[in-house]
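Structural overview
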Amino acid sequence: REVTRKLFVNLGLDVADLSSASGASPRERAAVTQQALLDRPDVIYQAPLAAGEFHGIADFLVRTDLLDGEWASRRAAAVGAGARLIGGPTAPLSPGRYTVWDAKLTRRARPQQLIQLCCYAEMLEQMQGALPETVALVLGGSDAKIT
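A brief structural summary.

1. Quick word on the overall build of the protein chain
Tallying secondary structure elements over the protein chain gives four helices and seven strands in all. Ordered by position from the N terminus, the helices and strands of the protein chain form the series α-β-α-β-β-α-β-β-α-β-β. Put simply, of all contacts in the protein chain between residues at least 6 apart along the chain, 73% involve residues at least 24 apart. In the structure as shown, the protein chain presents an accessible area of about 7,700 Å², 52% of it carried by carbon and sulfur atoms.

2. With respect to the nonpolar core
Membership of the largest hydrophobic core comes to 21 residues, with the highest contact counts inside it found for Leu37, Ile44, Leu49, Leu61, Val100 and Leu124. Not counting residues up to four positions away in its chain, the partners in contact with Leu49 are Ala30, Thr33, Phe54, His55, Gly56, Ala58, Leu61, Tyr120, Met123, Leu124 and Met127. Counting 14 residues, the second-largest nonpolar core is a separate cluster that includes Leu11, Val43, Phe60 and Trp101.

3. Observations regarding the environment of Gln128
Mapped onto the fold, Gln128 is located in helix α4 (residues 111-128). Sequence separation between Gln128 and Leu38 is 90 residues, and the spatial gap between their C-alpha atoms is 9.1 Å. Residues contacting Gln128, with those up to four places away along its chain left out, are Arg97 and Tyr98. Within the local environment of Gln128, its side chain forms a polar contact with the backbone nitrogen of Tyr98, the two atoms lying 2.9 Å apart.

4. A closer look at the pairing of strand β3 (residues 54-63)
Most of β3 is tucked away, with seven of its 10 residues classed as buried. In this sheet, β3 lies alongside strand β2 (residues 43-51) in antiparallel orientation, the contact comprising eight bridges. Bridge pairing in β3 links Tyr45 to Phe60. Hairpin connection, β2 to β3: the antiparallel pair is bridged by two residues, and Gly52 has positive phi, about 60 degrees. The pairing of β3 with strand β5 (residues 98-104) spans four bridges and is classified as antiparallel. From the neighbouring strand, Leu61 faces β5, where its bridge partner is Val100.

What counts and how
- Residues numbered from 1 in each chain as written.
- Predicted model: local features only at pLDDT ≥ 70, side-chain atom pairs only at ≥ 80, totals over all residues.
- Heavy atoms only, no water.
- Helix = DSSP H or I, 4+ residues; strand = E, 2+ residues; numbered from the N terminus.
- Contact = heavy atoms within 4.5 Å.
- Areas by Shrake-Rupley, 256 points an atom, 1.4 Å probe, with all protein chains shown as cover.
- Core = buried A, V, L, I, M, F, W, Y, C linked by side-chain atoms within 4.5 Å.
- Buried < 20%, exposed > 50% of the residue type's maximum accessible area, 1.4 Å probe, protein only.
- Polar contact = N/O pair within 3.5 Å; in protein donor to acceptor, adjacent residues only side chain to side chain.
- Pairing = 2+ DSSP bridges.

As structure tokens, this is what we get:
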């Protein structure tokens, strides 16, 4: 996670670090994420999410407009970072919204990791008013490949 956060920073992206978000309840911690969504940084790191009785901390919320155009060229520079990206956009995404990226040390996606991403996406939908059109799982490993 920290390596991926540094990668975003090294690419010149504005990263809001919420890893120290505090609050007595998951809803109070999620309010910090809600404010960050309004501030519109490029990436939100360690974003507390909550909806109904569910809550969790997404490793990254990435602004979807960065996944088109400019981000595509920056993404190429990330090759060699020791991670590979599963998922991602195949068509232009809605501007002004965020999508969920989660980082795992494993080299293969596991069903429970994908379910976790879906849960985070549904929680994010409650916060931004729209379901993310895509999510991404960043896997560890020595073979660097970002697609």
